[in-house]
Amino acid sequence: MSKIVKETENVLRQRLIDAVNSAINAGDLPNEEIPQFIIEVPANKANGDFSSNIAMAGAKCFKKAPRMIAQSIVDNIDLNGTLFERVEIAGPGFLNFFLSQDFYSEILKDIFACGEDYGKSDYGQGKRVLVEFVSANPTGPMHIGNARGGAIGDCLASVLDWAGYDVSREFYVNDAGNQIEKFATSLEVRYLQHFSDDVEMPEDAYHGADITQHAENFIKEYGDKYLNASSEERRKALVDYALPINIAGLERDLGRYRITYDKWFRESTLHNDGSVDKIINALKEQGVTYEQDGALWFKASEFGNDKDIVLIRANGLPTYIVPDIAYHYNKLVTRGYDKAIDVLGADHHGYVPRMKAALTALGLDADRLDIVIMQMVRLVRDGETIKLSKRSGKAITLNTLIDEVPLDAARFFFNLREPNSHFDFDLELAAKKSSENPVYYVQYAHARICSIIKKAQEQGVELRNPNDNELSRLNSDEERELIRHLSALTDEVITAAKSYDPAKITHYVVELATLFHKFYNAQRVMCDDEGLMQARLYLCTAVKDTIKNILTMLKITAPEVM
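Residues numbered from 1 in each chain as written. Predicted model: local features only at pLDDT ≥ 70, side-chain atom pairs only at ≥ 80, totals over all residues. Heavy atoms only, no water.

Attention now goes to the overall build of the chain. The helix and strand tally for the chain stands at 22 helices and 15 strands. In terms of principal-axis extent, the alpha carbons of the chain reach across some 95 × 65 × 40 Å. Expressed as a percentage of its 562 residues, the buried residues of the chain come to 52%. Sequence separation of at least 24 residues holds for 71% of the intrachain contacts in the chain that already meet a minimum separation of 6. Surface accessibility of the chain: about 25,800 Å² in total, with carbon and sulfur atoms responsible for 46%. In the chain, the 64 positive side-chain charges and the 84 negative ones have mean positions that sit 2 Å from each other. (Helix = DSSP H or I, 4+ residues; strand = E, 2+ residues; numbered from the N terminus. Buried < 20%, exposed > 50% of the residue type's maximum accessible area, 1.4 Å probe, protein only. Contact = heavy atoms within 4.5 Å. Areas by Shrake-Rupley, 256 points an atom, 1.4 Å probe, with all protein chains shown as cover. Lys, Arg positive; Asp, Glu negative; His and termini not counted. Charge placed at Lys NZ, Arg CZ, Asp CG, Glu CD.)

Right under this line is the structure:
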């Protein structure tokens, strides 16, 4: 929460404790230890700005009715020198506290003092967190699910950074294993088909046009050089040619999507540096493996998984889970991250207990790995599901999506829902320039304030910091509600970080824009009263700066003109 909000809550907690002690000293309450109690922000503003259950929490130890305890506290509490103006007893004994106008003035001053850092905190205490997201197979273009995963993962990393964590972004490149073998087969067949019609493409291979294009480009460069080579040599040459092109394409497309990774970690390094073998040996040493039907199994069922897992197949090759275990071990042990967060698709539900079982068996705290499960997205236009791009007539990929809708809208829309919720992405709405479009609505609020300030300056108004007297006049319901919402940003960022849900931030900024428009329609900013005008321009600037901070966090532009 805002520094002012936190300080205000801390002061209130101490005043409540002092009031109980005063009541004890006065003989109003028995001399008992003060119980644990909570202070919270009521959902209904009629119940004050802060509320506490201290009277009800003390009923048992003080052996009195909560309302009687509440009255003793009210009789003994000193609110002088605080940002509270009054306290009321409600219901069975809640204590509801109402903030004075000074609180609202202090919030605005805090926003200006913090500047671009308003909303940030040290909640994460610099703990090192690695967020891995997208990690699409490098055997083809990224699909629409990767577009959602990219927006969620990147914005989650930003939220964690703002909440005080030391955050790194990572893409795990699956450049080894079954999918690369299938990639090699697909390229080899297309290469051979160029020279002969007798070669058939296996049903389970990759049939995309990109595979054919790679093969044709390879032929332009190398001709029939590999036609009579061994299959192993030919496949290696094709993969060595096509894979770097695909990986560069992934990096280029994600960069266009405003995603920059700190590291592109290749699965092949885990095979080449012996990490995969070390994991197998470590699990054997822990006594959690056994052999059956020629395969090596992990006793995952002893660690919370529903069944055991094959580690090494009968043919001597490791299953996909082994390098994945080695990768997570590398994150948490070799590189020493305090927390690893993976953003994965809904088809990975079973993956979570398997990976946590393996980490536990290796002696690690499995709670250091968190998985954000993301549901798939459905593209709609006019209420109809869309599978093909309007322009190209091909399946919509990350690239074609960015061609179809504004980039700001794509990033904002994918963070409108909690990751584990199904989401319909309305292509028409995303491109609309109207208040129906949430990202346009927020950007318009920012641009509108820029216009207000510009017009004021054109009229000869010299913006200045209003004095306390002038700030105290921002006391209408609309002004107070707007400032109260501004005060909640830091707490909202922390909540989003704790729940791994960046959608909380998009909801917050949409509500901020709504409250600004409500204020602007109810109160004249450019009024004849110079002091009040300066105070309202100060408030407008605070809203503008806060919107810009949030959009910057989400890597979305904050236009000054629309």
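Turning our attention to the packing of aromatic side chains. Scanning the model with the defined rule gives 27 aromatic pairs in all. Centre to centre, the rings of F171 and W264 are 4.4 Å apart; their planes meet at 20 degrees, and the pair counts as stacked. Linking F171 in strand β6 (residues 166-173) with W264 in strand β7 (residues 263-266), this pair joins segments that are 93 residues apart in sequence. Residues F423 and F425 carry aromatic rings whose centres are separated by 6.1 Å and whose planes lie at 75 degrees to one another, so their mutual orientation is edge-to-face. Pair check on accessibility: F423 and F425 agree, each one buried. One aromatic cluster in this structure is built from Y191, F195, F218, Y222, Y226 and Y241. Its end group placed over the ring of F98, R86 keeps NZ or CZ at 3.8 Å from the ring centre. The residue whose ring lies beneath R484 is F50, and the NZ or CZ to ring-centre distance is 5.3 Å. (Phe/Tyr/Trp six-rings, centres within 6.5 Å; stacked < 30°, edge-to-face > 60°. Lys NZ or Arg CZ within 6 Å of the ring centre and 35° of its normal.)

Take the sheet that holds strand β14 (residues 384-385) next. One open sheet accounts for 3 strands, arranged β14-β13-β15; its pairing is mixed. Looking at strand neighbours, the two that pair on one side only are β14 and β15 (423-426), the edges of this open sheet. Pairing geometry for strand β13 (residues 377-381) and β15, over 4 bridges, is parallel. Its bridge partner being in β15, R378 is matched across the sheet by D424. (Pairing = 2+ DSSP bridges.)

Attention shifts here to the packing of helix α7 (residues 178-195) against helix α9 (residues 231-256). To characterise two packed helices, one gives the angle between the axes of the helices and the distance between these axes. Relative to each other, α7 and α9 sit at 105 degrees, their axes nearing to 9 Å. When the axes of α7 and α9 are compared, the pair comes out roughly perpendicular. Of α9, the residues touching α7 (which contributes I180, E181, F183, A184, T185, L187, E188, Y191 and L192) are S231, R234, R235, L238, V239, A242, L243 and N246. In the contact of α7 with α9, the residues fall into 10 nonpolar, 3 polar and 4 charged. (Axes fitted to C-alpha atoms, helices over the stretch in contact; angles between N-to-C directions. Parallel < 35°, antiparallel > 145°, perpendicular 65-115°, else oblique. Nonpolar A, V, L, I, M, F, W, Y, C, P; charged D, E, K, R; others polar.)

Its identity is not glycine, yet K63 carries a phi of approximately 55 degrees, on the positive side. When you line up the elements, K63 lands in the loop between α3 (59-62) and α4 (66-76). For R258, which is not a glycine, the phi torsion comes out positive at approximately 70 degrees. R258 gets classed as partly exposed once you look at its relative accessible area, which sits at 27%.

What follows concerns helix α13 (residues 351-361). Buried residues of α13: Y351, V352, M355, A357, A358, L359 and A361, and no others. Positive backbone phi, approximately 90 degrees, marks G363, located one or two places after α13.

Of all 6 residues making up strand β12 (residues 369-374), 6 are buried, and the element is well covered by its neighbours. With burial as the criterion, each face of β12 is covered, one bearing L369, I371 and I373 and the other bearing D370, V372 and M374. By the bridge criterion, 6 bridges tie strand β11 (residues 339-345) to β12 in an arrangement that is parallel. Opposite L344, over in β12, you have I373 as the bridge partner. What joins β11 to β12 is α13, and the crossover it makes is right-handed. (Right-handed = clockwise from strand over helix to strand, strands pointing away.)

Strand order in the open sheet formed by 3 strands is β8-β9-β10, with antiparallel pairing between adjacent strands. Bordering the open sheet on either side are β8 (289-292) and β10 (309-312), each of which pairs with just one other strand. The mean inter-strand angle of the sheet, taken between neighbouring strand axes irrespective of direction, is 40 degrees. Direction of pairing for β8 relative to strand β9 (residues 295-298): antiparallel, over a ladder of 4 bridges. Bridge pairing in β9 links Q292 to A295.

Quick look at helix α6 (residues 144-162) now. Because an α-helix packs 3.6 residues into every turn, residues spaced three or four apart end up facing the same way. Its 19 residues place the ends of α6 27 Å apart at the C-alpha level, agreeing with the 27 Å of an ideal helix rising 1.5 Å per residue. Among the 19 residues that make up α6, 18 are buried, leaving the element largely enclosed by the rest of the structure. Positive backbone phi, at 100 degrees, marks G164, one or two positions downstream of α6. (Expected span 1.5 Å × (residues − 1).)

Turning to the nonpolar core, a few remarks are in order. One finds L401 and F425 to be the most contacted residues of the largest nonpolar core, which totals 143 residues. At 13 residues, the largest contribution of residues to this core is made by helix α22 (residues 530-553). Judged by nonpolar contacts, the second largest core, of 34 residues, contains V276, I321, V352 and I373. (Core = buried A, V, L, I, M, F, W, Y, C linked by side-chain atoms within 4.5 Å.)

Tracing the chain through its elements places A136 in the loop between β5 (128-132) and α6. A C-alpha to C-alpha distance of 45 Å links A136 and Y520, two positions 384 residues apart in sequence. Setting aside residues up to four positions removed in sequence, A136 forms contacts with M142, N146, F171 and L250.

Attention now moves to the pattern of salt bridges. Evaluated as defined, the whole model comprises 31 salt bridges. Note that E470 and R464 form a salt bridge whose closest N and O atoms lie 2.8 Å from each other. In this structure, the salt-bridge partner of D529 is R473, at a minimum N-O distance of 2.4 Å. Of this pair, D529 sits in the loop between α21 (503-522) and α22 while R473 sits in the loop between α18 (468-471) and α19 (477-487), placing them 56 residues apart in sequence. Salt bridges linked by common partners bring D154, R169, R411 and K555 together as one network. (Salt bridge = Lys/Arg side-chain N within 4 Å of Asp/Glu carboxyl O.)

Before going further, it helps to spend a moment on the side chain of N415. Tracing the backbone shows N415 in the loop between α15 (407-413) and β15. A residue is classified by how much of its surface remains accessible, and N415, at 1% relative accessible area, is buried. Within the structure, the side chain of N415 is placed 3.1 Å from the backbone oxygen of A151, a separation counted as a polar contact. In this structure the side chain of N415 is engaged in a polar contact, spanning 3.3 Å, whose partner is the backbone oxygen of R411. (Polar contact = N/O pair within 3.5 Å; in protein donor to acceptor, adjacent residues only side chain to side chain.)

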